[in-house]
Amino acid sequence: MTAGLGTCVTVLWVCVVVLYGKPLTRAPLFGDIYHVKGVISLPYAEIEEPFEAWYNLSGAVSRIDYYHGQVSTFQYGFQKPSGASYKITPETTETEVNVMKCFQVNGTKEEPVLPQSALPSLEGFQLVRTEYYKGFLCEVWQNVTMEGHKKNTYTLWVSNSTEGSAFPLHYEMMGYNTLLGSHYDKYEVDYTEFRSSADPQDFVLPEGMTCGAWPGPGLEHRILANPMQELIHTSSKGHAHQLFGHFKERFQRHYSTEKEHEKRQHTFVHNLRYVHSKNRANLSYRLAVNHLADRTAGELRALRGRASRKTPNKGQRFPQELYASVQLPQSIDWRLYGRVPHLLWVVTSSHLDLYHPSERMKLAALWNFSCLSLQIWAGKPI
């Protein structure tokens, strides 16, 4: 009777362990050296940014390319005394167009430069379930943190390769603000390729390139030199949040309530990510933070006079037939006609309708604009 009871208790304990799995499962290890490709998604900023990363922890070095190599960042943790970050990016000035330049930011004792992983550290993560993700059976690891009013949930989906090693598939951060009573942040990383090796030559700076100091104020340099650091972490406070303090000081922002402050800070971070990501894409324009960076999309529409209405505004259509015979040049530099100032409000709409200028060279109205700031030919690594 006693032996049978002991056997029953033992079997019951084993069943509980297998059911929950945590005591028998260790966090996946991705190794000290790897090469990975993926896409960063920022839903609130409407950004999808491809990247490719090389990582060597034992060699204290890493490299991450964005937008298929438009921008390359290197993190040299081995460089004395506190490491150094390098950013290689095309720059356009009054005299040069799309010339590759290298900029350097040295680490400090307080903030040394370390190899930047494209995968989250799983310290504090727990196995919460197993499920299929995009056709792969995955372990789902999760870490939930509370900082003030913020509840942040970090989740990683991990599968096994044919060799049995861990293979990351998807990483997601979801932030909830109890003060605002709503979600305030979300970003995702989809990993498309992963292998546990990296060519040492991939960590070498391009030959013959001289890297100079970053021009201008240094408030954004660390974000620009290592964008991935703002995403692959488990803290709600990064350099972007610190930069918000400088924004408030520069533009004399004073918010009446803590709730208003939280809302403006989150909006600022989303707009900052948008600005930096668009600049890394090497488009035909550059964006910069201005006094409207803490304004939501709805508030910007109101500033442009686009009050929401449910009835037609009875506005007249644009007379396209009047310009049907106009022969347009391949390109035109509006600065030659004094129509474009050094600083211009920028379009951030995904689709633009730029109407033909009249014979008097008057710049026609541009509709559906978002009021961020465009900095043209400034020669700065924004």
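Treat the numbers as computed from the prediction; the structure is a model and nothing was measured.

Parameters and conventions
Residues numbered from 1 in each chain as written. Predicted model: local features only at pLDDT ≥ 70, side-chain atom pairs only at ≥ 80, totals over all residues. Heavy atoms only, no water. Helix = DSSP H or I, 4+ residues; strand = E, 2+ residues; numbered from the N terminus. Buried < 20%, exposed > 50% of the residue type's maximum accessible area, 1.4 Å probe, protein only. Contact = heavy atoms within 4.5 Å. Areas by Shrake-Rupley, 256 points an atom, 1.4 Å probe, with all protein chains shown as cover. Patch = residues over 30% accessible without salt bridge, like charges linked within 9 Å, V, L, I, M, F, W, Y side chains within 5 Å. Salt bridge = Lys/Arg side-chain N within 4 Å of Asp/Glu carboxyl O. Core = buried A, V, L, I, M, F, W, Y, C linked by side-chain atoms within 4.5 Å. pLDDT = per-residue confidence, 0-100. Pairing = 2+ DSSP bridges. Axes fitted to C-alpha atoms, helices over the stretch in contact; angles between N-to-C directions.

Visitor: If you had to explain the overall build of the chain to someone new, which residues and values would you point to?
Guide: Across its full length, the chain holds 5 helices and 15 strands. Looking at the 382 residues of the chain, the share that counts as buried comes to 41%. Sequence-distant contacts, at least 24 apart, represent 57% of the contacts inside the chain between residues at least 6 apart. Working note: accessible area of the chain is about 22400 Å², and carbon and sulfur atoms make up 54% of it.

Visitor: Tell me about a nonpolar patch on the surface, residues and numbers included.
Guide: On the surface, Ile332, Leu336 and Tyr337 cluster together into a nonpolar patch covering about 320 Å² of accessible area. Looking at where Tyr337 falls in the secondary structure, it is placed in the loop between α5 (297-303) and β14 (343-346). You can call Tyr337 partly exposed: its relative accessible area is 43%.

Visitor: Provide a residue-level description of the pattern of salt bridges, including the pertinent values.
Guide: Inspection of the entire model under this criterion finds 15 salt bridges. For the salt bridge of Arg286 with Glu91, the shortest nitrogen-to-oxygen distance reads 3.3 Å. You can see Arg286 sitting in the loop between α4 (258-280) and β13 (287-288) and its partner Glu91 sitting in strand β5 (residues 84-91), a full 195 residues away along the chain. On the accessibility criterion, Arg286 (14% relative accessible area) is buried. Accessibility expressed as a relative area gives 4% for Glu91, which makes it buried.

Visitor: Summarise the nonpolar core; cite the residues concerned and give the values.
Guide: In this structure, Phe51, Tyr171 and Tyr191 are the most contacted members of the largest nonpolar core, which totals 44 residues. In terms of nonpolar packing, the next biggest core, distinct from the first, is built from 11 residues, Phe244, Tyr255, Val269 and Val289 among them.

Visitor: Provide a residue-level description of the confidence of the model for the chain, including the pertinent values.
Guide: With 77% of its residues at a pLDDT of 70 or more, the chain has an overall mean of 80. Helix α1 (residues 2-20) is the least confidently modelled element of the chain, averaging 37 in pLDDT, while strand β3 (residues 61-66) averages 97, the highest of any element. Ignoring residues within four places in sequence, the model shows residues 1-24, a span with pLDDT below 50, making 4 contacts including any to other chains. Across residues 342-382, where pLDDT falls below 50, the model places 86 contacts with residues more than four positions away in sequence or in other chains.

Visitor: Give a detailed account of the sheet that holds strand β9 (residues 150-160), specifying residues and quantitative values.
Guide: Hydrogen bonds along the backbone pair up the strands of a sheet, which may run parallel or antiparallel. Ordered in space as β7-β8-β9-β10-β11-β1-β2-β3-β4-β5-β6-β12, the 12 strands form an open sheet in which the pairing is mixed. Looking along the sheet, the strands with just one partner apiece sit at the ends: β7 (126-133) and β12 (211-213). Each adjacent strand pair in this sheet contributes to an overall mean axis angle of 25°, direction not counted. Two elements, strand β10 (residues 166-177) and strand β11 (residues 182-195), share 8 bridges in a ladder whose sense is antiparallel. The residue bridging Tyr176 from the neighbouring strand is His183, located in β11.

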